[in-house]
Each structure stands twice: as structure tokens, then as C-alpha cells.
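Survey of secondary and tertiary structure
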Amino acid sequence: IPVSSRQAFPLPSLPRKQPTVLVVCGPAQNGAIGLVCARHLRIFDYEPTIFYPKRSPDPLYRDFTTQCEKMDIPFLSYLPTEVQLINDAYNAVVDAVLGAEAEAAEGREPCAAILATLKHVRIPIVSLDVPSGWDVEAGSSGGISPDVLVSLSAPKQCARRFLGRQHFVAGRFLPYDVQKKFELNPPKYPGTECVVAL
Amino acid sequence: MGAPPRGRPCLRACSVPSRAEPSRSRRMPGPRALLGLGLLVAAGVRAGGRCPNRGWDRSWDRDRERCRPHRAMHGPNAGSGPRGLRFLGQDEAQAIDQELFTEYKFSVDQLMELAGLSCATAIAKAYPPSSFTTSQPAVLVVCGPGNNGGDGLVCARHLKMFGYQPTVYYPKRPNKPLFEGLTTQCQKMDIPFLPEFPAEAALIDELYGLVVDAIFGFSFKGAVREPFGSILSTLERITVPIASIDIPSGWDVEKGKADGLQPDMLISLTAPKKAAMHFAGRYHFLGGRFVPAALQEKYTLNLPPYPETDCVLQLT
């Protein structure tokens, strides 16, 4: 995921002087992937900041949090509702709020408030797996509009409604029998890359 | 050893995919035993030998002179590499490892996965599948009894993803979920596990285009226990290239081993160890791009910058 974020926004092209990126992490697996992404962005010399209001008790995810903290990645204590502040401070937002596992009306607060804010940002959004708030199959009805979508394993049905600039698939690590069983027909990945642009 | 992958045509258009077929074309004439390693590899690899050198980022260009492939950089008199890159002693390497787990809360799984991926990536850069003279890009991965072996299992899995035909030899398997999981992952990817080690060096040369040495790592101390002594003796006699993970197996982690394994490639993980100063092969890569900046500073690793989002850096 951070590799595809990087491909979409190579460092020299970022408008702000500092390569700042806001990573918004939800309470479940999608959020945990966001934490891993933030750590790799840091290794790639970006300056990520994390907003992770509802932390998972899962020990694995708690360790991801510690890893980020020890890499000096700041954690915001609140997300400004004033969208202009976000637009001014960051070059892009990584949306790791909700993934394909989210049920329709489950655990939506504080997610609903976050999504309401993200809907109005003018800087590009990179969504992990599913644009947060979208129905996994039907897509969005007035939700966020990401610039970049990184589908994990394989694109979900709602990706058909994705209208942004770039759609990446990160699914190189799927074993062959899983690919066959679900008839995924994945694209060919170039060289040793772990993401491919669709 | 298994058939070619289902549905994929044989790379060299041979009608019989059996690797034991003696008439399969190898481009070099004459008894293999008479050819030195250099000649054999040169004939076996595409013209130009080296893979396209994607390790050089623009910002690295001004240091190109210092990073030009040069054996003396790794000779016994070289105390440091490009930009004062440090070579670690065994205690330091162990201390850094411990700190990653206890302070930074990385799991062994996480770092092993990143390490194994680095190894496969480095191999793919230096020995692309198209450069093999065997009918399939066949690779033998020899896994030892500890974490270095685990790195090898991860590496084998990624090599398969990258289009190679890896085969694993894993004689001593720890009774731990981590290693059992990695073994299962390989098996489910149709990676064969040999029941016994090829009896002779010549057989390895015949069947494989590359051997990955994932036997011993930076924790290695003291005498080599069987079956690894015999394995290393055989590996010392093969002519196909060896890629060692982190430390050439059997070498002292700091002093090396003059009469030991002579790998063609070394993938140093996290930072190179002192043994790497005695490495005389063609390719030295750095992998394991997970060291937080604070830890790099604490140990003054002076790691050169990795190119873009690559997980490996070619040092020579």
C-alpha cells in the first residue's frame, strides 16, 4: 500500500514543502493496515501523521501502534472539523477507516463524523481496499471520493464505481489455489513489484 | 522434483521437461568440472552479466565513484564502505535484533517476512529468470534450523511468486508455529521439499541454476552440527552460484572463513556484519528495510539511502 501511495504521489511532486500525509485509521483491520502503511511511508521519507481515535485491543494491532510511536510518527488527539486546516497541513490523506469487513450500521461513530469531514477535503485521498463508507458491493451514495484506490487481494465490486485517477491492486501474495478457487484472474505484476496499476 | 507449473509452457521449448535430461542444452562446452566459477556463470547469464542496475537513484550519483563495484571495498583492510557504512560485530547485531523486538515491538514474523522478501528481490535483480540455462529457473533453497532457515522459507515463497521454480531442503525443522506456518505456505504453493540432500555437487549443478544458502545466520557460533557439515562440504564444491542470506554459512560472523563457502551473492540484512568484509563474490545487497531512523542513529549504522520504494540496495 505505501508503495502504491508512493507511485501515485512521488515525493518531488508534492505541493507542500514537507511531504506530510495524514493517515486516518479506523478501529478494525483496515485501520491496522493503515498503521503499517504509515510506518512504511516513514521509511520512505514521508512525514505521516496518524489519527487513530478508536484503538483496537488486539495485541498485534497494539504492537503496530507502538512501532509507529517509536518511529516518531505523531498521533493526533482529534481531527479538525475545519477542513481547511487539513487541506493546508497535508499533501494527501490515506483513508484506512473502514474496509470490506464493515457492516452496514455497525460501529459507525466516530467513523461517521470522520467521514463527514473527509468528504469535504480538497487534497487527494488514497483509500485502502474500499472507500470508507461505501457499500462493498453497491458503492457510494454521496460518500467520499478518493483519488486513488488500492484494492487489497482483489478489487471489490464497489470498485466498479470508482471514479478517481488511479486504481492499484495489491494482491501479489495470494497463493495460487486461492486465486483459482475464487477465479480472480489477477493481472500480471511487473518484475518484483507488489502492486500493479489497473 | 515436480513437473513444470501447471499450464505454463517450458521456457526453453524442450519437449521433455525433465530436469535430469542430459541432452538439455547448456551453452558451455566441455566437462563442467574444468570450468571455473566465473566462466560458468558468465556463460549462463545473459550478455552483460549484471542485471539492469536499478540500485542507483539519482541522489546517489555523486557517490557513484565510491560505490563502483570494487573488491577492495570489502577486503580485510576496508573498515567501512560507502559513506562510512558500518559493519557490525556479532554482539551488536544481536543487540539491534533484540531492540527491534523488545523496544519497537516488531514481531519475528514481520521482520522475517520483510527479510525474506528482500532476499528474493535481490536474487531477482541479479539472476533474473531469463538468465538461467536450466530449462526452468530452478533454485535450491537450503534452510537451516533457526531464523536464517525461516528467512529462506519466506524467500522461497517469494521466488515462486517471481516466476522461479524453487525447491527446499529443510532437514531440521523447529517445533514452532512460525516455522510450521512458513512450511505450510510453501507446500501450498507447490514448492517441493526434498527428502534428502543431493548426494553430489555435480547433481546440484545439473538440476539447479542457483542455490540459496539459508543455513546459518548472525547467531552462529562454534562447531557445525550434522547434517550441515556434509551439506556445506558439498556446497563448497558446486559451480552454480550461491546466494547467502546475511552470513555465508559456516563463516565466523566477524572473521569469515578463508577455506569455507564462497558465495557469489550476499544479502546482508539490516546492516552488514564484519564477515561481509571478507566477501569476495560479485553481488552484495543490503536488505531488511525496516530499521527505524532512531535505531540507525543509536548504532551509527550510516546506511546509504535505499532507492525509492525498493526493499533492497545494491552495495556492489
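Where an unreviewed UniProt entry is consulted, chain A appears under the name ApoA-I-binding protein 2, with the organism given as Haliaeetus albicilla.

1. Quick word on the overall build of chain B
When helices and strands are counted, chain B shows nine helices and seven strands. Per-residue burial over chain B gives 57% buried out of 316 residues. For chain B, restricting intrachain contacts to residue pairs at least 6 apart in sequence, the fraction spanning at least 24 positions comes to 71%. Put simply, chain B shows about 13500 Å² of open surface, and 53% of that area lies on carbon and sulfur atoms.

2. Here's the deal with the sheet that holds strand 7 (residues 166-170) of chain A
Strand-to-strand pairing in sheets goes through backbone hydrogen bonds, with the strands running parallel or antiparallel. Residue and element names in this part refer to chain A. One open sheet accounts for eight strands, arranged 3-2-1-4-5-6-7-8; its pairing is mixed. Each of the sheet's edge strands pairs with one partner strand only, and the pair in question is strand 3 (75-76) and strand 8 (196-197). The pairing of strand 1 (residues 20-25) with strand 4 (residues 92-96) spans five bridges and is parallel. Across the sheet, residue Cys 25 finds its bridge partner in strand 4, namely Ala 96. On top of the sheet, helix 2 (residues 29-43) reaches strand 1, strand 2 (47-51), strand 3, strand 4, strand 5 (125-128) and strand 6 (148-152); it is set at about 160 degrees to strand 1, its chief contact.

3. Examining the interface of chain A and chain B
Opposite the 22 residues of chain A that make contact, chain B presents 24 residues. Regarding the contact of chain A and chain B, the summed buried area is about 2100 Å², with carbon and sulfur atoms giving 60% of it. Three residues, Lys70(A), Tyr176(A) and Thr192(A), lead the burial of chain A against chain B; their summed loss comes to 29% of the area buried on that side. Viewed at the interface, chain B and chain A are joined by one salt bridge. Of the charged contacts, one joins Glu103(B) and Lys70(A) as a salt bridge, the two residues approaching to 3.4 Å between their closest N and O atoms. On inspection of chain A and its partner chain B, the count reaches three residue pairs in polar contact (both at pLDDT 80 or more).

4. A short note on the packing of aromatic side chains
Applying the stated criterion across every chain, the model contains six aromatic pairs over all chains. Both rings, one in Tyr61(A) and one in Phe64(A), keep their centres 6.1 Å apart while their planes meet at 25 degrees; by these two values the pair is stacked. Of the two residues, Tyr61(A) and Phe64(A) are both situated in helix 3 (residues 59-70); the distance of three residues between them amounts to about one turn of the helix. Note on Tyr169(B) and Phe197(B): the rings are 5.3 Å apart at their centroids and 45 degrees apart in plane angle, and the pair reads as tilted. On the criterion of sequence distance, the pair formed by Tyr169(B) in strand 2 (residues 165-169) and Phe197(B) in the loop between helix 6 (177-188) and helix 7 (201-207) is long-range, its members being 28 residues apart. Each member of the pair, Tyr169(B) as well as Phe197(B), carries the same accessibility label: buried.

5. Concerning the sheet that holds strand 5 (residues 265-269) of chain B
Residue and element names in this part refer to chain B. Within the open sheet, the seven strands sit side by side as 2-1-3-4-5-6-7. Their pairing is mixed. Edge strands, defined here as strands with exactly one partner in the open sheet, are strand 2 and strand 7 (312-314). Each adjacent strand pair in this sheet contributes to an overall mean axis angle of 20 degrees, direction not counted. In this sheet, strand 6 (residues 283-287) lies alongside strand 5 in parallel orientation, the contact comprising five bridges. Bridge pairing in strand 6 places Met 265 opposite Tyr 283.

6. Re the nonpolar core
Residues and elements named next belong to chain B. Core analysis: the largest hydrophobic core is formed by 47 residues, its most contacted members being Ile 204, Val 211 and Leu 235. Going through the elements one at a time, helix 3 (90-102), strand 1 (138-143), helix 7 and helix 8 (228-235) are the ones with two or more residues in this core. Apart from the residues lying within four places of it in its own chain, the contact partners of Val 211 are Leu 140, Val 142, Ile 204, Leu 235, Ile 238, Val 240, Pro 241, Ile 242 and Ala 243. Formed by 42 residues, the second largest nonpolar core is a distinct cluster that contains Leu 178, Ile 191, Met 265 and Ile 267.

7. Quick word on the packing of helix 4 (residues 108-126) of chain B against helix 5 (residues 147-161) of chain B
All names here are of chain B. Helix 5 packs onto helix 4 with a crossing angle of 55 degrees between their chain directions and a minimal axis gap of 7 Å. Between helix 4 and helix 5, the angle falls in the class oblique. Considering the relative orientation of helix 4 and helix 5, their crossing is right-handed. Taking contact as the criterion, the partners of Met 112, Glu 113, Ala 115, Gly 116, Leu 117, Cys 119, Ala 120 and Ile 123 in helix 4 are, on helix 5, Asn 147, Gly 150, Asp 151, Val 154, Cys 155, Arg 157, His 158 and Leu 159. For the contact of helix 4 with helix 5, a count of residues per class yields nine nonpolar, four polar and three charged.

What counts, and at which threshold
Residues numbered from 1 in each chain as written. Chains lettered and ligands numbered in written order. Predicted model: local features only at pLDDT ≥ 70, side-chain atom pairs only at ≥ 80, totals over all residues. Heavy atoms only, no water. Helix = DSSP H or I, 4+ residues; strand = E, 2+ residues; numbered from the N terminus. Buried < 20%, exposed > 50% of the residue type's maximum accessible area, 1.4 Å probe, protein only. Contact = heavy atoms within 4.5 Å. Areas by Shrake-Rupley, 256 points an atom, 1.4 Å probe, with all protein chains shown as cover. Pairing = 2+ DSSP bridges. Axes fitted to C-alpha atoms, helices over the stretch in contact; angles between N-to-C directions. Buried area = accessible area lost by both parts, 1.4 Å probe. Salt bridge = Lys/Arg side-chain N within 4 Å of Asp/Glu carboxyl O. Polar contact = N/O pair within 3.5 Å; in protein donor to acceptor, adjacent residues only side chain to side chain. Phe/Tyr/Trp six-rings, centres within 6.5 Å; stacked < 30°, edge-to-face > 60°. Core = buried A, V, L, I, M, F, W, Y, C linked by side-chain atoms within 4.5 Å. Parallel < 35°, antiparallel > 145°, perpendicular 65-115°, else oblique. Left-handed = near helix turned anticlockwise from the far one by under 90°. Nonpolar A, V, L, I, M, F, W, Y, C, P; charged D, E, K, R; others polar.

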